[in-house]
Number of protein chains: 2
Amino acid sequence: MTPEQARAAFRAGLRVPTAGYSAGWTQANLIALPRDLAYDFLLFAQRNPRSCPVLDVAEPGETSASIFAGDLRTDLPAYRVYRDGELAEEVGDVTDLWRADLVAFLVGCSFTFEAALLEAGVPVRHVEAECNVPMYRTDRECRPAGRLSGPLVVSMRPVPAELVSTAVRVTSRYPAVHGAPVHVGSPEALGIADVDAPDFGDAVEIRPGEVPVFWACGVTPQAAVMRSRPSFAIGHAPGHMAITDARNSEFLVP
Amino acid sequence: MTPEQARAAFRAGLRVPTAGYSAGWTQANLIALPRDLAYDFLLFAQRNPRSCPVLDVAEPGETSASIFAGDLRTDLPAYRVYRDGELAEEVGDVTDLWRADLVAFLVGCSFTFEAALLEAGVPVRHVEAECNVPMYRTDRECRPAGRLSGPLVVSMRPVPAELVSTAVRVTSRYPAVHGAPVHVGSPEALGIADVDAPDFGDAVEIRPGEVPVFWACGVTPQAAVMRSRPSFAIGHAPGHMAITDARNSEFLVP
């Protein structure tokens, strides 16, 4: 499926996690914030580049962006709407909720490098299992910026011990979509009490001989919204990403 | 010289280009803008990451930053002060000119990777010649952001033809300090009429068998100031950089 085809399917009502969709094309997290928070968010992203690599920023009120020719209000599979930091609803379309003062940020997503992991022989469990990737709030604080603060959120993929090094090497070449893992093994050292009970997405099986590997996650801005309580914000539903018109290869380093 | 020692020397009045200073430590461009332009600048940087890789942002009015323990008003060798986009003065100290509404941005500088070039056997002419690096305004436009627009500025190093590939390879590992060249050979194709007459810095000899290689340059924000004419701005004097407390290795990718 091309990005355009995938977006049309989501616009028509398909609500699924996007891992495995449109291989070769970059997927992105969405966070749309009132304009008066836009500087704080860009600064938060600059200070937390592992979790918040900004790929594109729409003009205030605009609903497309240079790497996303679709409509940001309809072309993602699902959205989360926050009022005063509380999750108010999860919906498939935010056309009626969009406001002229919203600035939409597209933040890199680790789904982007999964094709490279698979090519390198590293299995990706949630793709095999056809479920959402597990994501966890950690006890690591992001560097705050202005009115925004919050914990680092991570995604987890179980990796066979002999392939952990390969997984690090492959993903480190994609810093714009979270890059190398932030943590290998020991979920408890990240403050994750139960790896089988993710805060977002679905639990996946960790088989004998596999190590849980954690990457910074673009749900981090939504954790900052929950902590910092801006009056209004719209994000993607975790795992239900914006599929952009940018090729993965654009974000590959040397 | 440690960064602290170099900064003390500049604070005491030494006014020299900083290429070759404090090898192993990251050098940075300074641009300080009124707070109401801070979002436009961060967005300009996000849209022009080759020329404007932001390493750090100070809080409004603050004169140090997380990677720069010194005083941004005194600890660079020289500054340029702009009023309504016109270069008003070049001075060694801006203590009396600093304002509470200024936001200081530190932007990566290609001097940072020169130690790696030298280690790889690539000569660096302006270091040999003990002069400033030549820098040029090009005819390539940056992507504008809000009220900011302007041309790409590049620095140039003549590289022996057989080492151009090495120079590309080595510098591509430092995307946070401009990374790989934006252009190799053919200065005229960048709109540079006379490579011996740089717009900033000093001309250097291009010897037979050498190719002029161009990297994006952190003077680009000052070119945007000249074009976009904000009421007030302070930058470093080209080539006279902020020497930070961050090690080069922090910005190395795989």
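The name an unreviewed UniProt entry assigns to chain A is Putative hydro-lyase ACFQ16_21660, from the organism Saccharopolyspora rosea. Of the comments in the UniProt record for chain A, the one headed Sequence similarities (unreviewed entry) reads "Belongs to the D-glutamate cyclase family."

Participant: Before we go on, may I ask you to explain the interface of chain B and chain A in this structure?
Facilitator: Quoted interface sizes are often the accessible area lost when the parts come together. Opposite the 19 residues of chain B that make contact, chain A presents 19 residues. Carbon and sulfur atoms make up 57% of the area that chain B and chain A hide from each other, which totals about 1500 Å². Across the chain B-chain A interface, the total number found is two salt bridges. Here Glu59(A) makes a salt bridge to Arg47(B), at a shortest N to O gap of 2.9 Å. Where chain B meets chain A, there are ten residue pairs in polar contact (both at pLDDT 80 or more). When contributions to the side of chain B that touches chain A are tallied by element, the ones reaching two or more residues are helix 2 (38–47), strand 2 (54–57) and strand 5 (102–108) of chain B.

Participant: Whenever I open this one, helix 6 (residues 220–228) of chain A confuses me. Can you help?
Facilitator: Each α-helix winds once per 3.6 residues, and so residues spaced three or four apart point in a common direction. Residues and elements named next belong to chain A. Taken together, the buried positions of helix 6 are Thr-220, Pro-221, Gln-222, Ala-223, Ala-224 and Val-225. The secondary structure elements touched by the buried residues of helix 6 are strand 1 (25–34), helix 2 (38–47), strand 3 (79–83), strand 7 (151–160) and strand 10 (232–236). Immediately downstream of helix 6, the backbone of Arg-229 shows phi near 55 degrees, a positive value.

Participant: Looking at this structure, how should I read the relation of the copies chain B and chain A?
Facilitator: Each copy of the chain is related to the other by a rotation around an axis and a translation along that axis. For the pair chain B and chain A, the superposition axis carries a translation of 0.0 Å, the fit reaches an RMSD of 0.0 Å, and the rotation angle comes to 180 degrees. Within this description, the copies of the chain are treated as partners about a two-fold rotation axis. Relative to the rotation axis, the C-alpha of Tyr39(B) is the closest in chain B, positioned 2.5 Å from it.

Participant: Just checking my understanding: could you explain the pairing of strand 7 (residues 151–160) of chain B for this structure?
Facilitator: Working note: regular strand, side chains alternate between the two faces of the sheet. Residues and elements named next belong to chain B. Extensive coverage of strand 7 is indicated by the burial of ten of its ten residues. For strand 6 (residues 135–141) and strand 7, the ladder comprises four bridges, and the chain directions are antiparallel. By the bridge assignment for strand 7, Tyr-136 is matched with Val-154. In the sheet, strand 7 pairs with strand 9 (residues 210–216) via seven bridges, with the strands oriented antiparallel. If you follow Val-159 over to strand 9, its bridge partner there is Val-211.

Participant: For this particular structure, what's the right way to read the sheet that holds strand 8 (residues 183–184) of chain B?
Facilitator: Where strands meet in a sheet, backbone hydrogen bonds hold them as pairs that are either parallel or antiparallel. Residue and element names in this part refer to chain B. Across the sheet, four strands lie side by side as 6-7-9-8; this open sheet has antiparallel pairing. Each end of this open sheet is capped by a strand with a single partner; those strands are strand 6 and strand 8. Direction of pairing for strand 8 relative to strand 9: antiparallel, over a ladder of two bridges. Note on strand 9: the bridge partner recorded for Val-184 is Val-213.

Participant: What am I meant to see in the packing of aromatic side chains here?
Facilitator: The full count for this structure, using the stated rule, is ten aromatic pairs over all chains. Ring centres 6.2 Å apart and planes at 70 degrees place the aromatic pair Tyr136(B) and Phe214(B) in the edge-to-face group. Of this pair, Tyr136(B) sits in strand 6 while Phe214(B) sits in strand 9; the two residues are 78 residues apart in sequence, bridging distant segments of the chain. In this structure, Tyr136(B) and Phe214(B) share a single accessibility class: buried. One aromatic cluster in this structure is built from Phe41(A), Phe44(A) and Phe105(A). Residue placement shows Arg7(A) over the ring face of Phe68(A); its charged tip is 4.9 Å from the ring centre.

Quick notes on the rules
- Residues numbered from 1 in each chain as written.
- Chains lettered and ligands numbered in written order.
- Predicted model: local features only at pLDDT ≥ 70, side-chain atom pairs only at ≥ 80, totals over all residues.
- Heavy atoms only, no water.
- UniProt positions renumbered as here; feature names shortened; annotations may be inferred.
- Contact = heavy atoms within 4.5 Å.
- Buried area = accessible area lost by both parts, 1.4 Å probe.
- Salt bridge = Lys/Arg side-chain N within 4 Å of Asp/Glu carboxyl O.
- Polar contact = N/O pair within 3.5 Å; in protein donor to acceptor, adjacent residues only side chain to side chain.
- Helix = DSSP H or I, 4+ residues; strand = E, 2+ residues; numbered from the N terminus.
- Buried < 20%, exposed > 50% of the residue type's maximum accessible area, 1.4 Å probe, protein only.
- Least-squares fit on C-alpha atoms with pLDDT ≥ 70 in both.
- Pairing = 2+ DSSP bridges.
- Phe/Tyr/Trp six-rings, centres within 6.5 Å; stacked < 30°, edge-to-face > 60°.
- Lys NZ or Arg CZ within 6 Å of the ring centre and 35° of its normal.

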